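Structural features, examined
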Amino acid sequence: MRSVMSANAVSCTIKSPVALQIGDAVSDSSRPGVYITDITLAEPVNIQEISFKNYYTAYLTVRLQRREDGSAKWVTCLRNYCLMSNPHAEDGSHDYFSIYRHQMLTEPDNVTTVRLILRQPSSEWLNFSIEEINIHPCAKEDSERDVPAWISTLTPVEEPLDLNGLPDPETVSSSIQQMWALTEIMQASQTAASIGRFDVEGSYDVKLLSYT
């Protein structure tokens, strides 16, 4: 029995594999074709992923003990998952595998115990198991944790702006209209003045025109 907790994995205790022997365990010395490994979780977990390294296991079945309405119930979430395409050959015998939540037959929520059932029908291999077992939980829904700090400093759209110290918008608008009208009057006055300097009692002064 050993306790395991790697990065991003839950704390758990992996028990030693138990062999299922067909026939008389004393007189039948043949290698067992099935091992069962129980993994006890420190607390109920919603599982996102089960990862491991294979060691000559051909097929994997996963059963879960879930806490439901105060009682524990066993369910099968994975059945005869193929780890080696040919139990008699090396392919897949040392590969890394990940079983994800969406691949499971039932939702792996509130899980307290994971039971791994390993099968190897071939007599080519003296031993088989799975190693480096890690159980990863679902990410917790914490929106504040995932939001960058700079976003929190932005002013929400629905939050009224602080207008203290700024002039009244209506006063500013009225002043702008007055300035616009004054500008129009000044431009008109400049045009009249530039024309009027050539006008002497309703007629043009020829001398003034000749000097321009």
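This text gives an overview of the structure that appears in the document. Since the model is a prediction, treat every value here as computed from it, not as a measurement.

**Description of the nonpolar core**
Proteins that are soluble and globular tend to have nonpolar side chains buried together. Among the nonpolar cores identified, the biggest contains 31 residues, and Ile39, Ile47, Ile50, Phe52, Val62, Val114 and Leu116 are the most heavily contacted of them. Elements that contribute at least two residues to this core include exactly strand E2 (12-14), strand E4 (34-45), strand E5 (47-55), strand E6 (59-68), strand E7 (71-82), strand E8 (96-100), strand E9 (111-119) and strand E10 (129-137). Ignoring anything within four residues of it in the chain, the contact list for Ile50 reads Val62, Phe97, Ser98, Ile99, Met104, Val114, Asn134 and Ile135.

**Some remarks on the sheet that holds E5**
One open sheet holds the three strands; their spatial order is E8-E5-E10, and the pairing between them is antiparallel. Every other strand in the sheet has two partners, leaving E8 and E10 as the edge strands with one partner each. For this sheet the average axis-to-axis angle between neighbouring strands, irrespective of direction, equals 20 degrees. Pairing between E5 and E8: five bridges, direction antiparallel. Directly across from Phe52, in E8, lies its bridge partner Phe97.

**Focus on the pairing of E7**
On any regular strand, side chains alternate: one points to one face of the sheet, the next to the other face. Taken together, the nine bridges between E6 and E7 define a ladder with antiparallel strand orientation. What sits directly across from Arg63, in E7, is Thr76.

**Details of unusual backbone geometry**
Excluding glycine, most residues fall at negative phi; most peptide bonds, likewise, are trans. Here the phi dihedral of Asn110 falls at roughly 55 degrees; this positive angle occurs in a residue that is not glycine. If you trace the backbone, Asn110 turns up in the loop between E8 and E9. Phi at Glu132 is positive, roughly 50 degrees, even though this residue is not glycine. Looking at where Glu132 falls in the secondary structure, it is placed in strand E10. Under the relative-accessibility criterion, Glu132 is labelled partly exposed at 42%.

**Regarding the pattern of salt bridges**
Within the structure shown, the criterion is met by four salt bridges. One salt bridge connects Asp38 with Arg115, and the closest N-O pair in it is separated by 2.7 Å. A residue pair is termed long-range when its members are at least 10 positions apart, and Asp38 in strand E4 and Arg115 in strand E9 qualify at 77 residues. According to the relative accessible area criterion, Asp38 is buried, its value standing at 15%. Among the charged side chains, a salt-bridge network with shared partners connects Arg66, Glu68 and Lys73.

**Digging into the packing of aromatic side chains**
In total, this model carries four aromatic pairs according to the counting rule given. The interplanar angle of 85 degrees and the centroid separation of 4.9 Å between the aromatic rings of Tyr55 and Tyr56 together place this pair among those described as edge-to-face. The class of Tyr56 is buried, set by a relative accessible area of 11%. Each residue in the set Tyr55, Tyr56 and Trp125 is aromatic and connected to the rest through ring pairs, giving one cluster. The side chain of Arg115 reaches across the aromatic face of Trp74, ending 4.4 Å from its centre.

Conventions used here
- Residues numbered from 1 in each chain as written.
- Predicted model: local features only at pLDDT ≥ 70, side-chain atom pairs only at ≥ 80, totals over all residues.
- Heavy atoms only, no water.
- Core = buried A, V, L, I, M, F, W, Y, C linked by side-chain atoms within 4.5 Å.
- Buried < 20%, exposed > 50% of the residue type's maximum accessible area, 1.4 Å probe, protein only.
- Helix = DSSP H or I, 4+ residues; strand = E, 2+ residues; numbered from the N terminus.
- Contact = heavy atoms within 4.5 Å.
- Pairing = 2+ DSSP bridges.
- Axes fitted to C-alpha atoms, helices over the stretch in contact; angles between N-to-C directions.
- Salt bridge = Lys/Arg side-chain N within 4 Å of Asp/Glu carboxyl O.
- Phe/Tyr/Trp six-rings, centres within 6.5 Å; stacked < 30°, edge-to-face > 60°.
- Lys NZ or Arg CZ within 6 Å of the ring centre and 35° of its normal.

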